[in-house]
Amino acid sequence: MSAAFFDSFTDEQLVSLIKSGDEKAADALIERYFPLASVKAKKINEYVPLHDVDDLTQEAMTGLLSAIYSYSEDRKACFSTYANVCMNNRLASVANAMRAKRLVPDSVILPLDELNDKADELPDPEEYVITGCTADKISQIINSQLSEFEYSVISLFLLGYKYADIGKKLSSDEKAVDNAMQRIRRKLRSIC
């Protein structure tokens, strides 16, 4: 059986097969999520050059594997949402670990320190999924409704930058950043 055989299977069906020991189903699901892991790694490395992109991609895939073996359909959330959260959490953990080892350039220590201070506030993947505002919905807004400036603002904000620092990085002022964040919040509230 090739990975193409599993193209018509849902993620949840593949996870079930994987848990029963089907290695081909595991290969198919990993192949399905590899492009997403690669994009996530490139995005993180674009804003905070932490590591080799291939290594970051593998870390995201480690998050995927964690999602596969900890996912439960009882959570009433789709696997893709849960996997997204697990992959993001894994990449955030790597960033924090590298900061602790001082492998991160000094120029990004401050934002990562701020992110680390908020680490306890990050939701557990299960709690995040239960809130109803799925990663798919957020991704839809980011890709279809945010301007290029708003996208840059939210990306830097999620990396832990303060409004003043975002303004400097984007050659704008703090008020423009605040206005962009207000628009982003309104757009997110409209679907969450």
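Refer to the preceding data block for the structure.
Residues numbered from 1 in each chain as written. Predicted model: local features only at pLDDT ≥ 70, side-chain atom pairs only at ≥ 80, totals over all residues. Heavy atoms only, no water.

### Observations regarding unusual backbone geometry
Then, number 1: Even without glycine at this site, Ser171 takes up a positive phi of about 55 degrees.
Then, number 2: Here Ser171 shows up in the loop between α9 (163–169) and α10 (174–189). (Helix = DSSP H or I, 4+ residues; strand = E, 2+ residues; numbered from the N terminus.)

### Comments concerning the nonpolar core
Then, number 1: With 26 residues, the main nonpolar core has Leu29, Tyr33, Leu64 and Phe79 as its most contacted residues.
Then, number 2: Within the residue set of this core, elements represented by two or more residues are α1 (11–19), α2 (23–47), α3 (53–70) and α4 (79–100).
Then, number 3: Once residues within four sequence positions are removed from consideration, Leu29 is found in contact with Asp11, Leu14, Val15, Ile18, Leu64, Ile68 and Phe79.
Then, number 4: Counting 12 residues, the second-largest nonpolar core is a separate cluster that includes Leu159, Tyr163, Ile166 and Met181. (Core = buried A, V, L, I, M, F, W, Y, C linked by side-chain atoms within 4.5 Å. Buried < 20%, exposed > 50% of the residue type's maximum accessible area, 1.4 Å probe, protein only. Contact = heavy atoms within 4.5 Å.)

### Looking at α1
Then, number 1: Three or more residues of α1 are buried, namely Asp11, Leu14, Val15 and Ile18. What you see down the axis of α1 is that its buried residues fit within an arc of 100 degrees, all on one side.
Then, number 2: Directly beyond the C-terminal end of α1, a positive phi value near 100 degrees is found at Gly21. (Arc of directions from axis to C-beta.)

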